[in-house]
Amino acid sequence: MSKVLLITGASKGIGLATAKRFSNAGYTVVNLSRSPCAIDGASNLAVDLTDVSWVADFSVQILAAVGEPEQLVVVHNAAMMTKETVRDIEAQTLRNVLELNVVAASRLNTLLLPRMEHGSSIIYISSTLGTKAVANTHAYVVSKHAVIGQMRATCQDLAGSMIHTAAICPGFTETEMLSAHLGANPDVYDQITATIAHRRLAQPSEIADTIWFASQSPVINGAVIDANLGQIET
Ligand SMILES: NC(=O)c1ccc[n+]([C@@H]2O[C@H](COP(=O)([O-])OP(=O)(O)OC[C@H]3O[C@@H](n4cnc5c(N)ncnc54)[C@H](OP(=O)(O)O)[C@@H]3O)[C@@H](O)[C@H]2O)c1
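Not measured: the values here are computed from a predicted model.

Draft legend 1. Seen up close, the overall build of the protein chain. If you tally the helices and strands in the protein chain, you get seven helices and seven strands. The order of helices and strands in the protein chain, counted from the N terminus, is β-α-β-β-α-β-α-β-α-β-α-α-α-β. For the protein chain, the C-alpha radius of gyration of 17 Å lies close to 17 Å, the compact-globule estimate for 234 residues. Each of the three principal axes of the protein chain carries a C-alpha extent, and together these read 50 × 35 × 35 Å. Put simply, the protein chain has 234 residues, and 48% of those count as buried. Within the protein chain, counting contacts between residues at least 6 apart in sequence, those at least 24 apart form 69% of the total. Accessible area of the protein chain: about 11200 Å², with a carbon and sulfur share of 52%. Taking the average place of the 15 positive charges on the side chains of the protein chain and the average place of its 20 negative ones, the gap between the two points comes to 3 Å.

Laid out in structure tokens, this is it:
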């Protein structure tokens, strides 16, 4: 059976680990990000998903790279995190974050659904911050809540299509996004791991395994899945 993974943001972090997981399982990987995914055989399209012209510029190439597989898994993974509050957020910051974290997934769904046969799946990457909020990441929290609504609406809209969907909500995961957000202070890491039942950060490969499970499991259609090593409840 011809199987394709179309993923955004597989140049590093969770996306790269996911591309490896699917490649090892025999999938052809098509990656959309500004820098390439370093996996043998991956097709890379250098797309900046915050640039609204990407649909017009890249649709033909994306469809050519995807082909007409018997199963297509789409993983909406690329995202950005900015630092601001409700007091000082700029409208353009919110627009940029929503463009990448939410609107790009919608545009890709519209493009790719005609190529999705029975047994295909759409996996959204949300966050712990898709169901709760913290201060100082206003746009990100808004966008990750939106992703969960987007997934639930996708499930309803695709009823009867035999295409399933789920949202994965990673907790603190050891990637560049996290280190850029937290900085280098080891005390910050100690404070964070104290809030995690397993007392460590998740590895990208653990999130990739969760994405793999969701993509292959129609029974969890419409589900929001936490992947966070257990959060200490306060
Ligand atoms: N790490 C965590 O603790 C954590 C926790 C909860 C949820 N998540 C979620 O998990 C997903 C992956 O995060 P990560 O930690 O692996 O992040 P990461 O290491 O920063 O990787 C982000 C990926 O997104 C791509 N990307 C960023 N801006 C882009 C743009 N404008 N156009 C196209 N691609 C773009 C990057 O590729 P280029 O730079 O090459 O474009 C990169 O491949 C995200 O949805 C994130 O919100 C992460």
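Draft legend 2. Up close: the site of the ligand. Near the ligand there are 30 residues, and of these Ser 11, Ser 35, Asn 77, Tyr 140 and Thr 175 occur at the shortest range. Here Tyr 140 contributes a side-chain N or O atom positioned 2.5 Å from an oxygen atom of the ligand. Considered on its own, the ligand offers 880 Å² of accessible surface; in the complex 94% of this is hidden by protein. Counting only elements with at least two residues in the shell around the ligand, the list comes to α1 (13–24), α4 (138–157) and α5 (176–182). Looking at the shell around the ligand element by element, the count peaks at three residues for α5.

Draft legend 3. The arrangement of the nonpolar core in detail. Within the largest apolar cluster, 32 residues are counted, with the highest numbers of intra-cluster contacts made by Leu 5, Val 75, Ile 123, Ile 168 and Ile 211. Residues Val 4, Leu 72, Leu 112 and Leu 158 belong to the second largest nonpolar core, which totals 31 residues.

Draft legend 4. Fine view of empty space enclosed by the protein. In this structure the tally under the stated criterion is two cavities of 30 Å³ or more. Reported here for the largest cavity is a volume of approximately 50 Å³. Along the walls of the largest cavity sit Thr 8, Leu 49, His 76, Ala 78, Leu 100, Asn 101, Ala 104, Ala 105 and Leu 108, which together make up its complete lining. The element contributing the most residues to the lining of the largest cavity is helix α3 (residues 91–112), with five residues. In this structure, the second largest cavity spans a volume of roughly 40 Å³. Every residue lining the second largest cavity is listed: His 76, Asn 77, Ala 78, Asn 101, Ala 105, Tyr 124, Ile 125, Lys 144, Val 147 and Gln 150. Among the secondary structure elements, those contributing two or more residues to the lining of the second largest cavity are α3, β5 (121–125) and α4. The dominant element in the lining of the second largest cavity, judged by the number of residues it contributes, is α4, at three residues.

Draft legend 5. Seen up close, α3. Taking 1.5 Å of rise per residue, 22 residues should cover 32 Å, and α3 covers 30 Å from first to last C-alpha, within 8% of that figure. Residues of α3 that are buried make contact with β1 (3–8), β2 (28–33), α2 (54–66), β4 (71–76), β5 and α4.

Conventions we followed
- Residues numbered from 1 in each chain as written.
- Predicted model: local features only at pLDDT ≥ 70, side-chain atom pairs only at ≥ 80, totals over all residues.
- Heavy atoms only, no water.
- Helix = DSSP H or I, 4+ residues; strand = E, 2+ residues; numbered from the N terminus.
- Rg over C-alpha atoms; globule rule 2.2 N^0.38 Å.
- Buried < 20%, exposed > 50% of the residue type's maximum accessible area, 1.4 Å probe, protein only.
- Contact = heavy atoms within 4.5 Å.
- Areas by Shrake-Rupley, 256 points an atom, 1.4 Å probe, with all protein chains shown as cover.
- Lys, Arg positive; Asp, Glu negative; His and termini not counted.
- Charge placed at Lys NZ, Arg CZ, Asp CG, Glu CD.
- Near = heavy atom within 4 Å.
- Polar contact = N/O pair within 3.5 Å; in protein donor to acceptor, adjacent residues only side chain to side chain.
- Core = buried A, V, L, I, M, F, W, Y, C linked by side-chain atoms within 4.5 Å.
- 1 Å grid on protein atoms, 1.4 Å probe; cavity = no way out; pocket = protein on both sides within 12 Å on 5 of 7 lines; lining within 4 Å.
- Points joined across faces, edges and corners; volume = space filled by probe spheres on them.
- Expected span 1.5 Å × (residues − 1).

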